[in-house]
Amino acid sequence: MFGRNSKVNLELNREVEKLIKTGGKEQLLPIVQAGEPVLRQQTAAYEGQLSRKTLDKLIETMRVTMIEAPGVGLAATQIGLGLALAVVEDHVIINPSYEPIGTETRSFYEGCLSFDGYQAVRKRWLDITARWQDEDGKQHEEHLHGWPARIFQHETDHLSGE
């Protein structure tokens with residue numbers, strides 16, 4: 001669980017608070033576009049570096065930004081933050097990972113909020129075992145198939161610098 005054995009990084013917490021404020025009353029953060037180095041960097045694992053209040057505000061601001069973009073997922077790197085955190089539809093995924101189940105893949109068009117107006121065909125695993133933590137630090141593991149698996153892979157890949 002985050003918070004019990006974690007130590008808030010006060011400098012990072014202040015930086016994230018400033019980032020959140022850039023969204024204004026509308027809570028709309030600028031989305032980093034292709035070519036920015038943060039999109040190609042491996043993120044740091046989230047281990048409670050933010051206060052709970054700041055984490056909750058960050059998640060809400062990311063959700064609003066994602067919905068208004070419009071999108072179905074938004075990784076922290078896409079708002080310039082190098083932490084392993086993303087919002088995916090109605091979920092928060094922290095420190096996510098996945099592994100394929102079987103060998104079946106599917107190619108389909110994908111868009112990306114960091115490549116505004118562009119879509120490309122991307123091959124992804126059809127079935128995966130997805131693992132992540134929620135905002136309370138609780139571990140989750142789930143078999144995902146099809147569209148949910150594609151979205152999870154896309155956002156997790158962002159956090160790996162892909």
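See above for the structure.
Residues numbered from 1 in each chain as written. Predicted model: local features only at pLDDT ≥ 70, side-chain atom pairs only at ≥ 80, totals over all residues. Heavy atoms only, no water.

*Asks:* Sorry, what's going on with the overall build of the protein chain here?
*Replies:* When helices and strands are counted, the protein chain shows three helices and seven strands. Reading the secondary structure of the protein chain in the N-to-C direction produces α-α-β-β-β-β-β-β-β-α. Over its C-alpha trace the protein chain gives a radius of gyration of 15 Å, about what one expects of a compact globule, namely 15 Å for 162 residues. Counting only C-alpha atoms, the protein chain reaches 45 × 35 × 25 Å along its principal axes. When burial is assessed residue by residue, the protein chain has 44% of its 162 residues classed as buried. Long-range contacts, defined here as pairs at least 24 residues apart, represent 67% of the contacts in the protein chain between residues at least 6 apart. Accessible surface for the protein chain amounts to roughly 9,100 Å². Of this, 50% is attributable to carbon and sulfur atoms. (Helix = DSSP H or I, 4+ residues; strand = E, 2+ residues; numbered from the N terminus. Rg over C-alpha atoms; globule rule 2.2 N^0.38 Å. Buried < 20%, exposed > 50% of the residue type's maximum accessible area, 1.4 Å probe, protein only. Contact = heavy atoms within 4.5 Å. Areas by Shrake-Rupley, 256 points an atom, 1.4 Å probe, with all protein chains shown as cover.)

*Asks:* How should I be thinking about the pattern of salt bridges in this particular structure?
*Replies:* Once the charged atoms of two side chains with opposite charge are near each other, the side chains can pair. Overall, the coordinates contain 10 salt bridges when judged by the stated rule. For Arg131, the salt bridge goes to Glu99, with nearest N and O atoms at 3.1 Å. Here Arg131, found in strand S6 (residues 127-133), pairs with Glu99, found in strand S3 (residues 91-100); they are 32 residues apart in sequence, far enough to count as distant. In this structure, Glu110 and Arg150 form a salt bridge, with 2.7 Å as the shortest nitrogen-oxygen distance. Placement of Glu110 in strand S4 (residues 105-111) and of Arg150 in helix H3 (residues 147-159) is noted, with a sequence separation of 40 residues between them. (Salt bridge = Lys/Arg side-chain N within 4 Å of Asp/Glu carboxyl O.)

*Asks:* Could you clarify how one ought to interpret the environment of Gly117 in this entry?
*Replies:* Tracing the backbone shows Gly117 in the loop between S4 and strand S5 (119-125). Residue Gly117 is classed as exposed on the basis of its relative accessible area, which comes to 83%.

*Asks:* Whenever I open this one, the environment of Arg63 confuses me. Can you help?
*Replies:* Secondary-structure assignment places Arg63 in helix H2 (residues 52-68). On the accessibility criterion, Arg63 (21% relative accessible area) is partly exposed. Taking the C-alpha atoms as reference, Arg63 lies 15 Å from Lys21; in sequence the two are 42 residues apart. With near-sequence residues (within four places) excluded, Arg63 lies in contact with Val87, Asp90, His91 and Val92.

*Asks:* I would appreciate a short explanation of the sheet that holds S3 in the present structure.
*Replies:* Strand pairs in the sheet, formed through backbone hydrogen bonds, run parallel or antiparallel to each other. Pairing within the open sheet is antiparallel, and its five strands lie in the order S1-S2-S3-S6-S7. Taken across any chain shown, the strands that pair with only one partner, and hence form the sheet edges, are strand S1 (73-75) and strand S7 (139-145). The average angle at which neighbouring strand axes cross in this sheet is 40 degrees, direction not considered. With three bridges connecting them, S1 and strand S2 (residues 85-88) associate as antiparallel partners. Within S2, the residue paired with Gly73 across the bridge is Val88. Those strands touched by H2 are S1, S2 and S3, and its axis lies near 45 degrees from that of S2. Lying over the sheet, H3 contacts S1, S2, S3, S6 and S7, oriented at roughly 100 degrees with respect to S3. (Pairing = 2+ DSSP bridges. Axes fitted to C-alpha atoms, helices over the stretch in contact; angles between N-to-C directions.)

*Asks:* Would you explain H2 in this entry?
*Replies:* Note on helix geometry: an α-helix contains 3.6 residues per turn, so any two residues three or four positions apart are oriented the same way. Here H2 spans 24 Å end to end across 17 residues, near enough to the 24 Å set by a 1.5 Å rise per residue. Tucked into the core, H2 has its buried residues touching helix H1 (10-21), S1, S2 and S3. (Expected span 1.5 Å × (residues − 1).)

*Asks:* Just checking my understanding: could you explain the packing of aromatic side chains for this structure?
*Replies:* For any pair of aromatic rings, the description rests on two quantities: the centre-to-centre distance and the angle between the ring planes. The final tally for this structure, using the stated rule, is one aromatic pair. Where Trp132 meets Phe152, the ring centres are 5.8 Å apart and the plane angle is 55 degrees; that geometry is what we call tilted. Of this pair, Trp132 sits in strand S6 while Phe152 sits in helix H3, and the two are 20 residues apart along the sequence. On the accessibility criterion, Trp132 (6% relative accessible area) is buried. Residue Phe152 is classed as buried on the basis of its relative accessible area of 4%. (Phe/Tyr/Trp six-rings, centres within 6.5 Å; stacked < 30°, edge-to-face > 60°.)

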